[in-house]
Amino acid sequence: MRLTVVILNYNVRYFLEQCILSVERSLKNLNAEIIVVDNNSPDDSCDMMSDLFPHIKLIANKKNVGFATANNQAVAVAKGEYVCILNPDTAVTEDCFEKVLKYAETRPKMGALGTHLMDGTGCYLPESKRNLPTPYVALKKMLGRGFSKNGYYAGHISERGQGEVAILVGAFMLLKRSIYKEVGGFDEDYFMYGEDIDFSYRIEKAGYKNCYLGSTTTLHYKGESTVRDNTYLKRFYGAMHIFYEKQLSLSFWQRGLVKVGVFGAKVLHSLKGKSLIANNNIEKAIVFTNDFALLKQLSSVYGDGLSSSAIAVLEDTIVHNTEIIFDADYISYGRIFMFMQQMSNKGNRFKIKPPGCNFLLGSDQSDDKGSVVKF
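Residues numbered from 1 in each chain as written. Predicted model: local features only at pLDDT ≥ 70, side-chain atom pairs only at ≥ 80, totals over all residues. Heavy atoms only, no water.

Q: Hey, could you run me through the overall build of the protein in this one?
A: A count of helices and strands for the protein gives twelve helices and 15 strands. Buried residues in the protein amount to 54% of all 375 residues. Considering only contacts within the protein whose residues lie at least 6 apart along the sequence, 74% involve residues at least 24 apart. For the protein, the accessible area works out to roughly 16500 Å², and carbon and sulfur atoms hold 52% of it. (Helix = DSSP H or I, 4+ residues; strand = E, 2+ residues; numbered from the N terminus. Buried < 20%, exposed > 50% of the residue type's maximum accessible area, 1.4 Å probe, protein only. Contact = heavy atoms within 4.5 Å. Areas by Shrake-Rupley, 256 points an atom, 1.4 Å probe, with all protein chains shown as cover.)

Q: Can you help me understand the pattern of salt bridges in this one?
A: Pairs can form between side chains of opposite charge whenever their charged atoms are close. Applying the stated criterion across every chain, the model contains 14 salt bridges. Notably, a salt bridge pairs Arg-335 with Glu-315, separated by 2.1 Å at the nearest N-O pair. Here Glu-315 lies in helix 11 (residues 312–316) and Arg-335 lies in helix 12 (residues 333–342), a separation of 20 residues in the sequence. A cluster of three or more residues bridged by salt bridges with shared partners is formed by Glu-323, Arg-349, Lys-351 and Asp-364. (Salt bridge = Lys/Arg side-chain N within 4 Å of Asp/Glu carboxyl O.)

Q: I'm lost on helix 3 (residues 67–77) in this one. Help?
A: Given 3.6 residues per helical turn, the α-helix brings residues three or four places apart onto the same face. Along helix 3, the residues classified as buried are Phe-67, Ala-68, Ala-70, Asn-71, Asn-72, Ala-74 and Val-75. Looking at the packing, one finds that the buried side of helix 3 touches strand 1 (3–9), strand 2 (32–39), strand 3 (57–61), strand 4 (82–86), helix 6 (177–182) and helix 7 (195–205).

Q: Even after reading the chapter, I still don't get the packing of helix 1 (residues 13–26) against helix 2 (residues 45–52), so can you show me in this structure?
A: Relative orientation and spacing of two packed helices are given, respectively, by the angle between their axes and the distance between those axes. Direction vectors running N to C along helix 1 and helix 2 enclose 35°, while the axes themselves pass 9 Å from each other. When the axes of helix 1 and helix 2 are compared, the crossing they make is right-handed. Between helix 1 and helix 2, the residues in contact are Arg-13, Leu-16, Glu-17 and Ile-20 and Ser-45, Met-48, Met-49 and Leu-52, respectively. Considered class by class, the residues forming the contact of helix 1 with helix 2 number five nonpolar, one polar and two charged. (Axes fitted to C-alpha atoms, helices over the stretch in contact; angles between N-to-C directions. Left-handed = near helix turned anticlockwise from the far one by under 90°. Nonpolar A, V, L, I, M, F, W, Y, C, P; charged D, E, K, R; others polar.)

Q: Is there a simple way to think about the nonpolar core in this case?
A: Where a protein is soluble and globular, its nonpolar side chains tend to be buried together. Among the nonpolar cores identified, the biggest contains 61 residues, and Val-5, Phe-97, Phe-172, Leu-174 and Phe-326 are the most heavily contacted of them. Excluding its chain neighbours within four sequence positions, the residues that come into contact with Phe-97 are Leu-3, Val-5, Val-23, Ser-26, Leu-27, Leu-30, Cys-84, Val-92 and Phe-172. (Core = buried A, V, L, I, M, F, W, Y, C linked by side-chain atoms within 4.5 Å.)

Q: Is there a simple way to think about the pairing of strand 8 (residues 172–176) in this case?
A: Both faces of the sheet carry side chains from a regular strand, because those side chains alternate between them. By the criterion of burial, strand 8 is predominantly enclosed, with four of the five residues buried. Examined bridge by bridge, strand 4 and strand 8 share five bridges and lie antiparallel to one another. Its bridge partner being in strand 8, Val-83 is matched across the sheet by Leu-175. (Pairing = 2+ DSSP bridges.)

Q: Would you take a moment to explain the packing of aromatic side chains for this structure?
A: Given two aromatic rings, their pairing is described by the distance between the two centres and the angle made by the two planes. Under the defined criterion, the tally for this structure stands at eleven aromatic pairs. A ring pair is formed by Tyr-180 and Phe-186, whose centres lie 5.7 Å apart and whose planes are at 80°; its orientation type is edge-to-face. Like Tyr-180, the residue Phe-186 is buried in the burial classification. Seen from the ring of Tyr-212, Lys-129 lies directly overhead, with NZ or CZ sitting 5.8 Å from the centre. (Phe/Tyr/Trp six-rings, centres within 6.5 Å; stacked < 30°, edge-to-face > 60°. Lys NZ or Arg CZ within 6 Å of the ring centre and 35° of its normal.)

Q: Just to check I follow, could you spell out the side chain of Lys-351 for this structure?
A: Of note, Lys-351 is situated in strand 13 (residues 349–353). On the accessibility criterion, Lys-351 (5% relative accessible area) is buried. Separated by 3.2 Å, the side chains of Lys-351 and Glu-323 make a polar contact. When sequence neighbours within four positions are dropped, the list of residues in contact with Lys-351 reads Tyr-302, Glu-323, Ile-324, Ile-325, Phe-326, Leu-360, Leu-361, Gly-362, Ser-371 and Val-373. (Polar contact = N/O pair within 3.5 Å; in protein donor to acceptor, adjacent residues only side chain to side chain.)

Q: How should unusual backbone geometry be read in this particular structure?
A: The bulk of non-glycine residues show a negative phi, and the bulk of peptide bonds are trans. Positive phi, normally seen in glycine, also occurs at Asn-11, with a value near 65°. Its place among the elements puts Asn-11 in the loop between strand 1 and helix 1. The exposure class assigned to Asn-11 is partly exposed, which follows from its relative accessible area of 31%. Phi angles above zero are rare outside glycine, and Asn-345 is one such case at about 60°. You can see Asn-345 is positioned in the loop between helix 12 and strand 13.

Encoded structure:
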């Protein structure tokens, strides 16, 4: 078998459904499998899996065992030559896996591979490619210089470029299953956050090169799987402390600076609060579909302010201050992502109706919970 896609879910039933549907489209021409691990979600994620995807292997944990342990569970029973670790709050293009596997074949010493990630507003997520977060690099990020030369983000490769990077994000990581096992999988000392940094670092220590492929885009509703509360802050910065203690040989004074820096970062993050919604001046809503029944259903939600249009409108016009609804039964995910990127930062909001579904998904902020509109 060529590929196993591992999706770890916790309490995001609707986003998981879209993720699986997009992955199945992308695997259409490949000998591949999907494994879903559920970390004891309180919603009906497991019931949904049984009802809609009985052909997909589901590992239903009776407690939340964390990111590392759950992914390791899935890879232990995976059959693919390659494995892809994928967040449930993502969607991929129809040609995603063919493209990443083709690229992987050209890199014999490749470790893990990441893609261009964008959030629900159509904006690029710079954590798609990062440098090793040494204490000095982390300090530069805290001081607002994360994009500087040799900063936190890997600026030596453009968003749409490709090449070697030190650190990838766990929302999308593809690598050979043999390498995953060689380096021991994700470190289970981490419960959540930091595992991808540690994993990327150990892959490179084993003699492989992590790579970034910017020519394919993955949609990542970045905030959906996580609430940015005090528990998040404790786990995130605690994970960074674990990484420094386990992987980097720090002197006594460096350890002291790290502790001070982690504490300061927690305070600054908690004071910063949530990001502002920039696109709150919506003037109208448009659904791009050829399904009259869908238009009628959505009209009951949006009222007289909703209109429909052919996709040709987006090819010729830049839309502003509009809620744009994409019907994935009418438009491919690849084209949806392209239009979202073209119309980002223009006061628009985006929602997607996954194929065959009766709900819309969207996210108007890059770091907060997304939204589900059922109809």
